[in-house]
Structures are given as structure tokens and as C-alpha cells.
Amino acid sequence: MGVQMECHDRYFMIAVDLTFSGNETRFEAVDRTGVHRLDEQYAAKCGYTIGLLEMLGRVQLRASYFSCHTENKDDVEFNFSFNLIVPHDGEEMAYSLNKTCSPSLPWSPREVTCETNFMEVSVRSEMTCPTGTRTDDWNDLRPAHGSKTSDWQVMFRIGDEQQPSMTLSEARRRGYIFDMTHGRLVLRTPYGQPDSSNTLVNGVPIEVVHATLFSRQSWIVLMVDLEAACSLHEGLYDEEGYVVFETPEMLYPGLESPKIHIGLKGALDHQLKNSSYMIHNDSVQIAIPYNAEGGRRKSFVSGGLFEFYVFQLYMEQLWVDDDDIITRLRLHRTLSTALLPLHVSAQNLTLLEEKLFKVHLGDLPEDVQLVSVQLNGRQFKLPLANTSSFSVSMTEHNDTHGYTLQVAFDDPVVNQQFSKEDSAIHHSLDINYTLVVLPENDSFHHFTSVLALTDVSPPVFTGACSESGVSFKLKHRPFDFLWYVSVGDEALTSELASQYSYTMSNDSSSLQISVPLFTQGYEYKNVTLDGFFGTFEILVRNVETAEVASSTVKTCHFTPKEFIMCSTDGWMTAAADLPFNIPRVGTPPGLHLVDRFCTPKETNGSRALFSFPLNSCGAIVKLNGGMVTYKNEIFLHDPSAEKLATLQCTYPLEGLHRLFSVYRFDSDNVGVGTITHSAPPTGLHIPEVKPTAAPKTTRATKRPNRGRVQPAVYIKVSKLNHQSKVTKGEFSIAAR
């Protein structure tokens, strides 16, 4: 529970945190007669001071040791009992608070308390004889304590005018409290009573209550003088940053100059740091620096952010008369500075090399908290979600703290604009901080803007593999118009993508390209029946010079069961899935192309891999509709020839530089490959071939002429238009 209780040398204190109790907290005093609610008027009358220090986040109660409902044991032990009433969910919860205190200092002959809402004076009932007075005259005061209350009278003096006497009962009805303890007489009164007087002493306002208590016992009259004088000065804040409080030096004329002690936390500190007092024009002036240790600061919103400092001044003045009789005065005052502007600053710590905005909002007081941040008009509440692309972290330093915002230059929230003037990218970020002052939750804003310039960098794609090909993605930037994308030397357009069977989508945020296997632009390596590596490259070129600015290369491993490749340099590579199991040892007899010496490079299960030049192995070449087709077939001799599948590659004549040549085949584009399966022969039997039976002759020297590369006549082909219905770079597998 957020409650603190402390015993001091002349009062008892309870402090309650408002976060626990709220603003509607109240107190009740408890004694043997029952429960007594401490409202404002009753508290001042009975010796209680209750202050709602909302700006400091607490409510505080101070109780005099001679307060109405305190159990007093011989003026040395005081038992306090209170109920703390706290509203909760529409109901009131009561907490019992109890404390026993003993003063740390002996009582002086005369004690004066100047609280914020009442004055109190007590005198010792057993007095030594003043100079020139017989002892017997003062000792006769003691039996007067045993007389009936109605025998006692009181007269108030206002200035030089004596008021008519009244009974103690009548005085109580008028708001005065007279009490007789074991060894002291007590008078307490709220400020502003009709029988008190207000005056100026050396320019300082004071209030004085002067009461004479007397009792007539037969022919003897016993009189006790009770006087309390308190400064009403509220404190001033000067231009040098000091809070100044004043009180007259001689509140009680005829006594020696006082000794003065001051403190700011309810206890007297004889060496209060940076604070001082001086006697000027017969007045005591106490000067407290606005940021003195022991004060409490508070932020405040009023058209801007301000702060002020609050001090709980506790002061003691001691006077001594000619008979060494001490008068001790204790004064409580709450002092505060004026509203002081609080300057919030944001420091730009941007890291250009890391392309990261870093802005520190610092020197914030403890009661100021950041609740949201607006970036280029977009609002983000704190704490940020885990998916946030930027971060806000808090740093602490002594009694202040700050917040560091980090945002990458390429974050979507950052404005980016290309400047032709300085050939740089301008990254800009407008930051509007929303902060609140606790516990009131009053909000204010702080705006700052940061700008960073970076050299222009070309865009870079990200690549990903799939079973059917490679895909690329590029996030758009405002300045990407400085470059264009190409596959090889050809600019990537929607027409080119359609021509090469690429799938391309382009929206406001990104460009995405899917490139199927065996289409234009792939490079293949390590082709076996277990798979192969396919590499595709996307180029980014300068829009003015066409020079390559960046490239993205993606290599993936593919494992299709059946495939055919028609390369630009005149080779056909095909993996065919045949309708029977091929022996694992040796080459199956009779499995060949048109040229029976063109046998598989590799077999595995029912699959066979062939790789050969297009115009070899008995290939058939056909020209039709602006296309040239190279066709070959897979046969099985067992014992007669059986055709199992047809392999063919088709190229557009437009892209061919040479149709036939002894040494060279040259095409701009890959060909369209097709594997067409024949119906499997009946009664098929493949005998296993032993490794020792391998022929000793080589394919180059023993095969007939029909399987060799034949010299051909150079054919000139006219350039065709782009309306060909055959898509470049495609392959298909069809069975029949």
C-alpha cells in the first residue's frame, strides 16, 4: 500500500500516494469517543493539516501532538489512530492507520506552531518565577487546573484593545480550542478568526492571536498569557532563480535575536545545501534555489511545457528572554516557483554509412512520458508492435530520461525523392512526438524534421527457387526510373515477358517475375538424371548509357523426371522416361537414336539421358512457317527397330545466324523442345549387358555416315516478323 507514516519532533505525518488512493481520499480521526471526520473546518480547529498535493501525486496529513483526538500520555507519548477512506469501484474502503510517537526534543517553556491552516501555542504550566516576582504567586497557578471549566475565563486582545471576557465553552463555539494536558496549557485557532489581528511588521504580513486565560479563586485571580504570532508571507520567486520567504526577526518584542534553523523535508537541516538566510531591515529572508535538494519538481502543460518546483519549508526560530525562558516557533509553508519554460530538444544522430535515421529526444523529466510518434503523417502508438519496421528505445540519466528513434532510410514511412540538381536521393522524415505529463495525462507535442542525402544506388532483385523455375522480386523506389531491367541484351517489357513465357506482375509496390524452366535466359550445368543446376540472371542497366549497373544471379537445383533442352549453340539434351526398366549395368542393347551409334550417356531405372549436336545422330531438319525443326527418335533393336519416342527442337529462323555449318550452330534463342512418346512394343525384353562385353571401337570411328555431322550448304534466311505463334524458349512433353 502506498502509505508512509513518520514521527517528527513536533508533529506526526501521513503521506498517501495518489496512484493508490485517488483524489477523493479522506481521513477520519479515531479515539475512545468514536470516529470523527476531518473536513477542512474541523481539521483546522482540531490541529490537523490535510493537503492534496496533486501536482506531486500525493495527499498528506500532519497532526499536532496536541490535536483533538490524540491520546496523550504525560506529554511524552502520543498515540495516533486514523481511518484512511479510499473510494474503490463505487464503494469506500477503510484502512486503519496507527502510530505511537515520542518527541525527540524536550518541550520548551513556550512552543508556537504556525501551520498552513491554524496557529497553536502551548506553555508549560509549571513556571519558574520571573525576575521580581515571588515564587508563591506562580505556584498558585497549579491548583487552578483542578477547578471547574466554568470558572475559567478568556479575554482576547486585538492590538491595544482588550475584548470582553468569555467562558471557555463560548470560546470553543467560536472556533478556539483550549486544552490542559499533564504539564501544558494549549491554545489553537484557525487563521482568520474575529479575535485575531493582522498587521504588517517591516513590510511582512503577520497574524497574531493574543489570549489571556484567567480564573478567580476566591479573592485570588490566576492569569496565563497565551500569544501566537505567525508570518503570512507566501514566498516570492525572484529573477535570480530563488524562492524567497520572509518573517519578522522579532515576532516577540523584548526577546533576544532568534536562532534560525531551516529544512525542506519536514526535518531541520542546519546545513541546507545552496540555501541561505539573512537579516535585512529587521526581517529574516530565506532564499532557496529553484532546484535545491529537498524540493519537488513538477511538469505542467499550459500552451506549452513548463515546470515548477515546490518546497515544504520547515523553519524554527528560537528566542530567549532575560530569565533564559525559551520561546520556540515552528513554521510550515508550501512555497513554489513561477512556471518555468521547459525546453525539449531533439538531437539528430543520423548514421549515414548505415543509412539509418537516429534521433534522440532527451532531458525529459520523470513525469513526462512519450505515448506516440507521428512519422510523415502516420501515427504510431507506443509501445510499438513487434512487426514494426523501426524502433523507439528509452534511455535514463540521473533524474531525466530520453527516447531514441531509429528508422532505416529505405523504410516505407520515409519520404524519398531524387534530386537531379545534386544527383542524390533526399530521405526526409517529419517527426511529431506526443508526450503526456503524469498523472494528469495532459498532452503536448514536439516537432522536428530530419533530412539525409545518399548517392543513387541501382535496384537489386531478390531471387527464389521453385520446382518449376526461378522467381525474382524488386521493391519499387521513387527513383528507379534511372534504370531499366533486361534479360541479356533485351529490355524486359510486358511484350518480351509474353514472348518468352515469363510471368510478370507490376504494381505500385513491387515488380515480380517468374521464369519457367527451359525458357530464354537460363544456363544449365552438371546435367544428369539426378538433376541439374539452372542459373538465371537479371540485369539492371543505366537508362541513358545501357551499362550494367547491377545484376542478380540465382542458381537452383532442379530434378524433373523428364526434360529436353535446346541450346543456342546447337545441342539437344533430353531425359526421357521410357516404358520399361533399363538394366543398371552397361548400356542396353539396341537403345539408340536414328544413328544406332548414338546411345544414352546415362540410364537410371526407366530413364535415359541423351545429349548430342542437333545436326548429328541422323537428325531430320524441316523448314516450316519461318521455323526450323531438328527431329530425332529413340529406337530399340530387339531384334527389329522399335521407335519409343521422338525428340525435337524448333527454332525461329529469324534468330538463326547459320542454319547448318560444319563447325558452328548459332541461334539468338533457345529452341522449343518436345518429347513425344510412342506406344511401347509388345513382348519387350531387354537383356542385361555385362561390362566385359563392351565394344572396343569408339563412336567416332565405327558409326556409319548417317550418324555423323554432315557438311551442309549455307542457306540465307530473310528476317521474319515477330508474329510467330511459336513461343521462344518453351518446352513440352507430350505422349501418344
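Heads up: the structure comes first, above all this text.
Please read all numbers here as calculations on a predicted model, not as lab measurements. Residue numbers run consecutively from 1 along every chain, following the written order of its sequence. Local features in this predicted model are restricted to residues whose pLDDT is 70 or higher, and side-chain atom pairs enter the listing and the counts only when it is 80 or higher, whereas totals over whole chains, interfaces and linings include all residues. The side-chain numbers reported here are obtained from all heavy atoms of the structure, hydrogens and water having been left aside.

This next bit is on the overall build of the protein. Elements are defined by DSSP. Helices are runs of H or I of four residues or more, strands are runs of E of two residues or more, and each kind is numbered from the N terminus. What the protein contains, in helices and strands, is six helices and 58 strands. Each residue gets one of three labels from its accessible area relative to the maximum for its type: buried under 20%, exposed over 50%, partly exposed in between, using a 1.4 Å probe on protein chains only. In the protein, which comprises 736 residues, the share counted as buried stands at 47%. It only takes one pair of heavy atoms within 4.5 Å for two residues to be counted as in contact. Long-range contacts, defined here as pairs at least 24 residues apart, represent 61% of the contacts in the protein between residues at least 6 apart. Areas reported here follow the Shrake-Rupley algorithm with a probe of radius 1.4 Å; residue values treat only the protein chains shown as occluding. Just so you have it, the protein exposes about 37,800 Å², and 48% of that area is on carbon and sulfur atoms.

Time to look at the pairing of strand E33 (residues 391-397). Look at any regular strand and the pattern is simple: side chains alternate between the two faces of the sheet. For two strands to be treated as a pair, DSSP must find no fewer than two bridges joining them. In this sheet, strand E34 (residues 400-408) lies alongside E33 in antiparallel orientation, the contact comprising seven bridges. Directly across from Ser 391, in E34, lies its bridge partner Gln 406. Following E33, the chain reverses through two residues before pairing antiparallel with E34; Asn 398 in that reversal takes a positive phi of roughly 55°.

Within the largest apolar cluster, 47 residues are counted, with the highest numbers of intra-cluster contacts made by Val 154 and Phe 178. Residues contacting Val 154, with those up to four places away along its chain left out, are Pro 164, Ser 165, Met 166, Thr 167, Leu 168, Ala 171, Phe 178, Ala 211, Thr 212, Leu 213 and Phe 214. The next biggest cluster of nonpolar side chains, apart from the first, holds 33 residues, and it includes Phe 472, Leu 492, Leu 517 and Cys 556. To define a nonpolar core, start from buried Ala, Val, Leu, Ile, Met, Phe, Trp, Tyr and Cys residues and group those joined through side-chain atoms within 4.5 Å.

Quick look at the sheet that holds strand E43 (residues 510-516) now. Ordered in space as E38-E39-E43-E42, the four strands form an open sheet in which the pairing is antiparallel. For this open sheet the edge positions go to strand E38 (462-465) and strand E42 (503-506), each flanked by a neighbour on one side alone. Averaged over all adjacent pairs, the angle separating strand axes in this sheet is 15°, with direction ignored. Where strand E39 (residues 469-475) lies against E43, seven bridges are found, and the strand directions are antiparallel. Note that in E43 the partner of Lys 473 across the bridge is Gln 512. Axis geometry follows a simple rule: fit a line to the C-alpha atoms, using only the stretch in contact for helices, then measure angles between N-to-C directions, giving values from 0 to 180 degrees.

Here we come to the sheet that holds strand E48 (residues 571-577). Strands sit in the order E47-E48-E51-E50 across an open sheet of four strands; the sheet is antiparallel. Only two strands of the sheet have a single neighbouring strand rather than two, namely strand E47 (563-566) and strand E50 (602-604). Along the sheet, successive strands turn relative to each other by an average axial angle of 10°, direction set aside. Both E50 and strand E51 (residues 607-613) contribute to a ladder of three bridges, which runs antiparallel. Paired with Thr 603 across the strands is Ala 608, a residue of E51.

So, about the state of the cysteines. Cysteine sulfur atoms are paired as a disulfide whenever they fall within 2.5 Å. This structure, assessed with the given rule, holds six disulfides. The disulfide that involves Cys 7 links it to Cys 101, with 1.9 Å between the sulfurs. Residues Cys 7 and Cys 101 share a disulfide whose torsion about the S-S bond is about -70°; that sign makes it left-handed. Placement of the pair is Cys 7 in strand E1 (residues 3-7) and Cys 101 in strand E9 (residues 91-101), with a sequence separation of 94 residues. A residue is classified by how much of its surface remains accessible, and Cys 7, at 35% relative accessible area, is partly exposed. Judged by relative accessible area, Cys 101 falls into the buried class, the value being 1%. Between the sulfur atoms of Cys 566 and its disulfide mate Cys 649 the distance is 1.9 Å. An S-S torsion of about -80° defines the bridge between Cys 566 and Cys 649 as left-handed. Note that Cys 566 is positioned in strand E47 and Cys 649 in strand E54 (residues 641-652), a separation of 83 residues in sequence.

In this section: unusual backbone geometry. In this chain, Leu 382 is followed by Pro 383 through a cis amide linkage whose omega measures 0°. Looking at where Pro 383 falls in the secondary structure, it is placed in the loop between strand E32 (378-381) and E33. For the bond from Leu 438 to Pro 439, the omega torsion is 5°, close enough to zero to count as cis. Tracing the sequence through the fold places Pro 439 in the loop between strand E36 (424-437) and strand E37 (442-455). Unusually for a residue other than glycine, Asn 398 sits at a positive phi of about 55°. Assignment of secondary structure puts Asn 398 in the loop between E33 and E34. In this structure Asn 398 comes out as exposed when scored by relative accessible area, which is 69%.

Looking now at the pairing of E36. Taken across its 14 residues, E36 has 11 buried, putting it largely inside the fold. Strand direction decides the pairing type here: strand E31 (residues 368-375) and E36, joined by seven bridges, are antiparallel. Residue Gln 369 lies in a different strand from E36, and its bridge partner there is Val 436. Counting the residues that bridge the hairpin from strand E35 (residues 415-419) to E36 gives four residues, and of these Ser 423 lies at a positive phi of roughly 50°. The pairing of E36 with E37 spans 14 bridges and is classified as antiparallel. Looking at E37, one finds that Val 436 is bridged to Ser 443. The hairpin turn running from E36 into E37, its antiparallel successor, is four residues long, and Asn 441 in that turn takes a positive phi close to 65°.

Take the packing of aromatic side chains next. Think of it this way: a Phe, Tyr or Trp ring, Trp meaning its six-membered ring, pairs with another when their centres are within 6.5 Å, and the plane angle makes it stacked under 30 degrees, edge-to-face over 60, tilted otherwise. Scanning all chains against the criterion turns up 30 aromatic pairs. On the basis of an interplanar angle of 75° and a centroid distance of 6.4 Å, the ring pair of Phe 78 and Trp 107 is categorised as edge-to-face. With Phe 78 in strand E8 (residues 77-88) and Trp 107 in the loop between E9 and strand E10 (110-114), this residue pair connects regions lying 29 residues apart in the sequence. Ring plane angle 45° and centroid distance 6.0 Å describe the contact between Phe 472 and Phe 536, whose orientation is recorded as tilted. Residue Phe 472 is located in strand E39, and its partner Phe 536 is located in strand E45 (residues 531-542); the two are separated by 64 residues in the primary sequence. A residue is classified by how much of its surface remains accessible, and Phe 472, at 2% relative accessible area, is buried. Ring-pair connections join several aromatic residues into one group, and the members of that group are Phe 461, Phe 472, Tyr 500, Tyr 502, Phe 518, Tyr 522, Tyr 524, Phe 532, Phe 536, Phe 558 and Phe 563.

Any residue with relative accessible area above 30% and no salt bridge may belong to a patch, with like charges joined within 9 Å and the nonpolar Val, Leu, Ile, Met, Phe, Trp and Tyr side chains within 5 Å. For this analysis, a salt bridge means a side-chain nitrogen from Lys or Arg found within 4 Å of a carboxyl oxygen belonging to Asp or Glu. Charge convention: Lys and Arg are scored as positive, Asp and Glu as negative, and His as well as the terminal groups of each chain are ignored. Every charge is mapped onto a representative atom, which is NZ of Lys, CZ of Arg, CG of Asp or CD of Glu. Residues Glu 256, Asp 322, Asp 323 and Asp 324 make up a contiguous surface patch of negative charge. Relative to the helices and strands, Asp 323 is located in the loop between strand E26 (305-320) and strand E27 (326-336).

Summarising the element assignment, Glu 227 is placed in strand E19 (residues 220-231). Of the side chains with opposite charge, Arg 110 lies nearest to the buried Glu 227, which makes no salt bridge, at 4.7 Å. Among all residues touching Glu 227, those that are not within four sequence positions of it are Arg 110, Val 112, Val 121, Val 208, Val 209, His 210 and Tyr 252.

Bringing the pattern of salt bridges into the picture now. Once their charged atoms are close, side chains differing in charge can pair, the charge on each being opposite to the other. In the structure shown here, the tally under the stated rule is 21 salt bridges. A salt bridge links Arg 297 to Glu 307; the nearest nitrogen and oxygen atoms lie 3.1 Å apart. Taken as a pair, Arg 297 in strand E25 (residues 296-301) and Glu 307 in strand E26 lie far apart in primary sequence, 10 residues in all. Its relative accessible area of 24% is what places Arg 297 among the partly exposed residues. Exposure remark for Glu 307: the relative accessible area of 10% places this residue in the buried category. Look at the salt bridges and you will find they share partners, linking Asp 9, Arg 10, Glu 111, Glu 316, Arg 328 and Arg 330 into a network.

With that settled, the discussion passes to the environment of Glu 249. Position of Glu 249 relative to the elements: it lies in the loop between strand E21 (242-248) and strand E22 (259-263). You can call Glu 249 buried: its relative accessible area is 10%. Through-space distance from the C-alpha of Glu 249 to that of Val 201 is 9.3 Å; in sequence the pair is 48 residues apart. Once residues within four sequence positions are removed from consideration, Glu 249 is found in contact with Ser 257, Pro 258, Ile 279, Asp 282, Ser 283, Val 284, Gln 317 and Trp 319.

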